[in-house]
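# Structure at a glance
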Amino acid sequence: QVQLVESGGGLVQAGGSLRLSCAASGRSFSSYGMGWFRQAPGKEREFVAGITPTGSRTYYADSVKGRLTMSRDNAKNTVYLQMNSLKPEDTAIYYCAAAPRVRYDRTEYDYWGQGTQVTVSS
């Protein structure tokens, strides 16, 4: 069992930055691939970024490449999403999730946090 708690969301102007954190508790955090997803009103939850258990590889949706950076600190049981050059279309609830391996498909993830709201004003 893994419990995930996101933090760091908020309101920011276009072009600004935010850093999201996802703190994990439970067993074997370092054995899980982690993902960040987001869901805007009226839209499906979509993959944003993923990272392998050791942090050696990361994966990004095309819409965020070059602007968002995912990382993890297994000693602190935490993953991060550094968000730069934010756009109004990045507005959504952001969720972190854990899976045995990094996947783009949200149905492959076993554990989810409650989400944190990110709002980007124009």
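As a further point, take the pairing of strand β8 (residues 78-83). Burial analysis of β8 places five of its six residues in the buried class, the great majority of the element. When strand β3 (residues 18-26) meets β8, the two strands line up antiparallel, connected through six bridges. When the sheet's bridge partners are listed, Leu 18 is paired in β8 with Met 83. Alignment of strand β7 (residues 68-73) against β8, held across six bridges, turns out to be antiparallel. Paired with Ser 71 across the strands is Tyr 80, a residue of β8.

It is worth spelling out the packing of aromatic side chains at this point. Counted according to the given criterion, the structure contains eight aromatic pairs. The interplanar angle of 80 degrees and the centroid separation of 6.4 Å between the aromatic rings of Tyr 95 and Trp 112 together place this pair among those described as edge-to-face. Here Tyr 95, found in strand β9 (residues 92-99), pairs with Trp 112, found in strand β10 (residues 111-112); they are 17 residues apart in sequence, far enough to count as distant. Judged by relative accessible area, which is 27%, Trp 112 ranks as partly exposed. Members of the aromatic cluster, joined through ring pairs, are Phe 37, Phe 47, Tyr 59, Tyr 95, Tyr 104, Tyr 109 and Trp 112. Sitting over the ring of Tyr 80, Arg 19 keeps its end group 4.0 Å from the ring centre. Taking NZ or CZ as reference, Arg 45 lies 4.9 Å from the ring centre of Trp 112, over its face.

Criteria and cut-off values
- Residues numbered from 1 in each chain as written.
- Predicted model: local features only at pLDDT ≥ 70, side-chain atom pairs only at ≥ 80, totals over all residues.
- Heavy atoms only, no water.
- Buried < 20%, exposed > 50% of the residue type's maximum accessible area, 1.4 Å probe, protein only.
- Helix = DSSP H or I, 4+ residues; strand = E, 2+ residues; numbered from the N terminus.
- Pairing = 2+ DSSP bridges.
- Phe/Tyr/Trp six-rings, centres within 6.5 Å; stacked < 30°, edge-to-face > 60°.
- Lys NZ or Arg CZ within 6 Å of the ring centre and 35° of its normal.

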